[in-house]
Amino acid sequence: MNLGKKDRSTSASGKLETQNVPSISNELGCGVANDQQPWGTPTWPDAPRKKGPLDGQATFQPQDPDGKGCYPEWLEREILKLGHRSHSVDLGDVTSLTDRQHCSMDSMRSLYEQKPSELKNWLIEQKVSLENLTNLKMAFEELENDGRKSLDVTNFKRIVKNCLGLHGVRCLLEYYNDQIQELFMKIDYLGNGQIKWDQFCTFMQLEYTEKDESLSRSKSLAFTLPASVVTMSHSQPVLRILCNQDSTVITIRENGEVSYWSPELQIRKSKVVFQERPVNQKSKWATDFVIMPQYNKLIVGTGDREIQLYEISSLEPYCQVSALETVPLTMDYCYTGHDECVILFGDALGCVNIMIMTLVGETLRTWKKLPKVEKMPSVALDQALLSPAVKLIQWKVHEDWVNEVKYFKSIHAIISTSSHEHTALVIGCMIPMSNLKERKTWEGKTKKAGPSPGIPQQRIAWDHTVFSIYKGVKTFDFSHKHRLLITGGLDRLIRMWNPYMPSKPTGILKGHSAPIFYLCIPPEDSRIFSVSMDNTVKIWDIHDQRCMFTAHPKASLLRGDLTACMYVQSIRSLYVGTDSMARLSLQTRPLLPSRLVVSHREPVLCCRYSEVFRQVVSGSEGSVVKVWDIDTGMQVFEFGGAHGLSAVACMTIDPKGRRLVTGGRDGCLKVWNFNNGHCLKIFKKEGEDDEVCDCTYLTVNRKSYVVSVGWGRRVNVYIDSPDDDLHHIQNPQPPWPDDLRHGHQDDILCVAECPPSLLASGSHDGEVIVWNLVSGHLQCRFLTPLPPDQGTGPFYVDRSVLSIIFLRSRTMNVKHTTAACLVSSGHRGYLNFWNIQTGGKFLASFEASKMKRKVTKLVAAREDTLLYVADEVGYIYVFDIKAYALGPEPEDKGPKMVNYWRAHISTITSLQAVDSDRVLLTASTDCTVRLWSIHGEFIGTFGQSESWSVHTPASWKHPAVPYEILIDSLSMPTHPVLEKYSLDTRTKAREDDLNADAHSKLRYHPLTITDRDIEEEINSLSYPLEPGKRLRHEIFKHTTKLPSHRGPKVYQSLKYFELGDAPTTCMRPDLSLAGIDPFISSSAEELPEESQ
């Protein structure tokens, strides 16, 4: 593919040319003459300017203070990120453009003097405060008292700069002037040049509301409902749920039954680990359990004041520590270092017991060799403490039993909770005394005095932090990443704490109607999962402090008393234990590879470019509209639910470039101020909801109209009266008489307009109609021809017209009355050229798609000298049509192909050429919107992390291409050697078949059926010739419904025949008559003849 780089325009006026420079620094003006003045010169604005490419205009080339001739690296990056631009300057005025460049140089000087961290303060939106709004309102009221009900752009600039205190050097004021003028244009969406205070407030409120909703959509998270529920036998409740490193879910019940589950809750193994006792003895019961993954052990606390260890793989008993002072109600385990660990448990006395073990492997093997008690090696606690590898610390922490205890290695602290209000939650150290010298003294005294496990100690005040919480704490969680502690209890409130500020919570989450049972902060998300005693599950956002999702018991089907919960990050599932086991899975979108970049989460169906704001607007299948900055590729704004749950199928922008019209599959058109998501008006045909496929703006006799086409098979015309605020919903004008009598007979898929009075529409059956807008009469009608190689027959041929354009330069030129001025897409990648000025005539047709795929979009550029063609597999072809189909005789050959490349891996749904910047805008169902140069150089994908500068080729992705295109099979070139090898292989196989047929001499000719016989058989049957509607989403709408039972059943329509009496024995049929008897070889039968 020839992608020869040429000089390209770098300004909106189309007169600036970019030189092939090696780096961004050079394009920013780093290489300058030595005789120019440095940045520190006081007369810097009047410094000499270097001759530039602007027809005799001069461009300023500043130097840096060090005289090295280049800007610092951080400045280059920030300039590319911020993309300083001035949308309010007339893009066609070369003088204004030159002044804008000079001001940009001035702004860069101020930027150079600023620190990189201060650049974010340059955005004017961040300077608006409540006090500023009050001052603005007072300024507006003063002008209203003077008789001015609205402000023009000059007064608006003056008021905003005064109220916001925007004062500084000239270049900075110019930068603010551009931003204020752009804000004025966004508010003045009608282009009247005047705005009021209520319009200003409405714009700001809707803008921030949509930004807030957009942020909520980006953070949306939900569980799949209903939950996956597995019933269990009604015996003992589930005490705790844990997950092993291999994603095996482990549960334990009160009777000691340990169960292993798959992530999908399929039972793998279940066993009661406790030994059976005689009838006259009380059964042993479990209180809690934890996992020692480093040693493949399971630690179980029992009501007999024991800590038992079992093998995880076999659940066989390993050893136990008995004779504890209290019953371990809640337990935790942490691996602290090489062959070192900590086992914690809280008891009914409010004590936190810490067992610190070193040389764990050797210690456990020693315990396993001790005498057995109830078939398990046992060691008493006082005997275990005689070993230097085991140490026990007991802290008297709470005045009630301990509800939960955890050790956090990240902060080297223990957090425990209880129902006692004054000691509801305590964060304390594991080893007492912060002073290292005192700690060593304490450890020495402990060793001399010997073990004394029965004497709990009180922590010193500076060794712990106590949180007093109303009604105590039932559950908690801590995140070191967010520096956040959350608690929940009987008061149904979730409190958010700074762990170093116990006096007052930083936030309170309200929403549960029952006591909080479980809380979790996933380590990788900014979320909070909470479960209450009434089986209600909620998801909260940490930063916004609001509920994002609620799963009620009726929806989740969680039944029974809640006894255990566990969220597993690796599986992204919440497991709940009640009378049954349940799993709630998070609805997660598939993670894209790091190399893939998307603009929308759903397929993009349309996009348009606003030249006034230099912004790109795109709409998706998910009814989300996004606004992008074409100069940087960054997202500017977003609003969702444009057409409810229906997709945004098409869009267009009004001639002033300030309003957006979207057409949806719900059958209506909506007019938007796309800068703040304000729906201004709705166009809808009453009583109909046929999908809108395409729309466009028209101006006839100084009146503006919106035209839409779709599945209604009519051309609907709506009057666009921006000043009419009384009718929010408008109906279309009465249809044209010719449209009712001689209009389209199938769904209309596309429409194109050509000033001053022509409109063309194409339908699914291949029909193209050109209308006169003034009279509403049908001017000419065409039918898409079949390709030359298409044979005749009853088979269905897809003639649908997906795109149609006018060649306006030919239509308006009286010298081209016989030339083709209308281009439409046809069957299997063909394009058709039509003349409409002499009554309508077909002039040319050629195959544009090399892949023989349907053409989806067309666009003409450079005054209709270049034709860009996009197909359904993502390829873009460029043809030179300057001298093509000029008439009056039809063309036999196609135009010259200038270039082609693959832009997407899926159907291209939008194609637009921006002649002022000499770039090409594309959108596709592969969820991307991309920008290309007119020569096929890849600039970037909207939404990528790195920003670009349209006029700085060094910031483009070129020569790279999108990763998904690089690895797609259709992008692979076909090598001539491979093609020749494939052709030779097919030829040789065909010759082998012919030789095999020649050598097989049958006595009887085989039964053969020719193509003509098949064709005659098909023609004799009554098969429908038309297969139905186009392949769109409505085709598959009713596939899941049951078949219609109207009329006779299938078995009732079967034919039947009487059976005659058949003999019990029959003769073997002579298959050799047909030459297909597998047991008779023709070559074998010929042997005797040859021997004779």
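Right above here is the structure, for reference.
Note that the structure is predicted; figures quoted are calculated from it, not measured. (Residues numbered from 1 in each chain as written. Predicted model: local features only at pLDDT ≥ 70, side-chain atom pairs only at ≥ 80, totals over all residues. Heavy atoms only, no water.)

A. Broad picture of the sheet that holds strand S3 (residues 228-231). A sheet is described by the order of its strands in space; here 4 strands give the open sequence S3-S31-S30-S29, paired in antiparallel fashion. Of all the strands in the sheet, the pair left with one neighbour each is S3 and strand S29 (564-568). Adjacent strand axes in the sheet meet at a mean angle of 15° when their direction is disregarded. Both strand S30 (residues 573-577) and strand S31 (residues 580-585) contribute to a ladder of 5 bridges, which runs antiparallel. When the sheet's bridge partners are listed, Leu574 is paired in S31 with Leu584. (Pairing = 2+ DSSP bridges. Helix = DSSP H or I, 4+ residues; strand = E, 2+ residues; numbered from the N terminus. Axes fitted to C-alpha atoms, helices over the stretch in contact; angles between N-to-C directions.)

B. Seen up close, the sheet that holds strand S4 (residues 238-243). Read across the sheet, 4 strands follow the order S4-S5-S6-S7 without closing on themselves; strand pairing throughout is antiparallel. Each edge of the open sheet is held by one strand with a lone partner, namely S4 and strand S7 (267-272). For this sheet the average axis-to-axis angle between neighbouring strands, irrespective of direction, equals 15°. Looking at chain direction, S4 and strand S5 (residues 249-253) are connected through 5 bridges and run antiparallel. For Ile241, the partnering residue across the bridge sits in S5 and is Thr251.

C. Spotlight on the side chain of Ser910. One can find Ser910 in strand S56 (residues 908-914). Polar side-chain contacts of Ser910 include one of 3.0 Å to the backbone oxygen of Cys607. Discounting residues that sit within four places of it in the chain, Ser910 has contacts with Cys606, Cys607, Arg608, Lys857, Leu921, Thr922 and Ala923. (Polar contact = N/O pair within 3.5 Å; in protein donor to acceptor, adjacent residues only side chain to side chain. Contact = heavy atoms within 4.5 Å.)

D. Highlighting the environment of Val797. Structurally, Val797 can be placed in the loop between strand S47 (778-783) and strand S48 (804-806). Considered as a pair, Val797 and Gly766 are 31 residues apart in the sequence and their alpha carbons are 9.8 Å apart.

E. Local environment of helix H8 (residues 360-368). Among the residues of H8, Val360, Gly361, Thr363, Leu364 and Trp367 are the ones counted as buried. Viewed end-on, H8 has its buried residues packed into an arc of 165°, placing them on one side of the element. (Buried < 20%, exposed > 50% of the residue type's maximum accessible area, 1.4 Å probe, protein only. Arc of directions from axis to C-beta.)

F. Structural view of the nonpolar core. Membership of the largest hydrophobic core comes to 26 residues, with the highest contact counts inside it found for Met292, Ile299, Leu364 and Trp367. Ignoring sequence-local partners within four residues, the contact set of Trp367 consists of Cys319, Val321, Met357, Pro377, Val379, Ala384 and Val390. (Core = buried A, V, L, I, M, F, W, Y, C linked by side-chain atoms within 4.5 Å.)

G. Summary view of helix H4 (residues 130-145). Given a rise of 1.5 Å per residue, 16 residues ought to cover 22 Å, and the 23 Å separating the end C-alpha atoms of H4 matches this to within 8%. Burial in H4 covers these residues: Asn132, Leu136, Ala139, Phe140 and Leu143. For H4, the arc enclosing every buried residue in end-on projection is 100°, short of the 170-degree limit, so these residues lie on one face. Turned more than 90 degrees away from the buried face of H4 sit Leu130, Glu131, Glu142 and Asn145, all of them exposed. Of the surrounding secondary structure, the elements contacted by the buried residues of H4 are helix H5 (153-164) and helix H7 (197-218). A positive backbone phi angle near 100° is found at Gly147, which sits one or two residues after H4. (Expected span 1.5 Å × (residues − 1).)

H. Structural context of unusual backbone geometry. With omega at 10°, the peptide bond leading from Pro755 into Pro756 counts as cis. Structurally, Pro756 can be placed in the loop between strand S44 (748-754) and strand S45 (758-763). Omega for the bond connecting His958 with Pro959 falls within 30 degrees of zero, at 15°, which places this linkage in the cis form. For Pro959, the location among the structural elements is in the loop between strand S59 (938-941) and helix H14 (963-967). In this structure, Arg614 is a non-glycine residue whose phi angle is positive, near 55°. Tracing the chain through its elements places Arg614 in the loop between strand S32 (604-610) and strand S33 (615-620). At Ala885, a position not held by glycine, the phi torsion is positive, near 55°. As for its position among the elements, Ala885 is in the loop between strand S54 (875-880) and strand S55 (896-902). Assessed through its relative accessible area of 1%, Ala885 is described here as buried.

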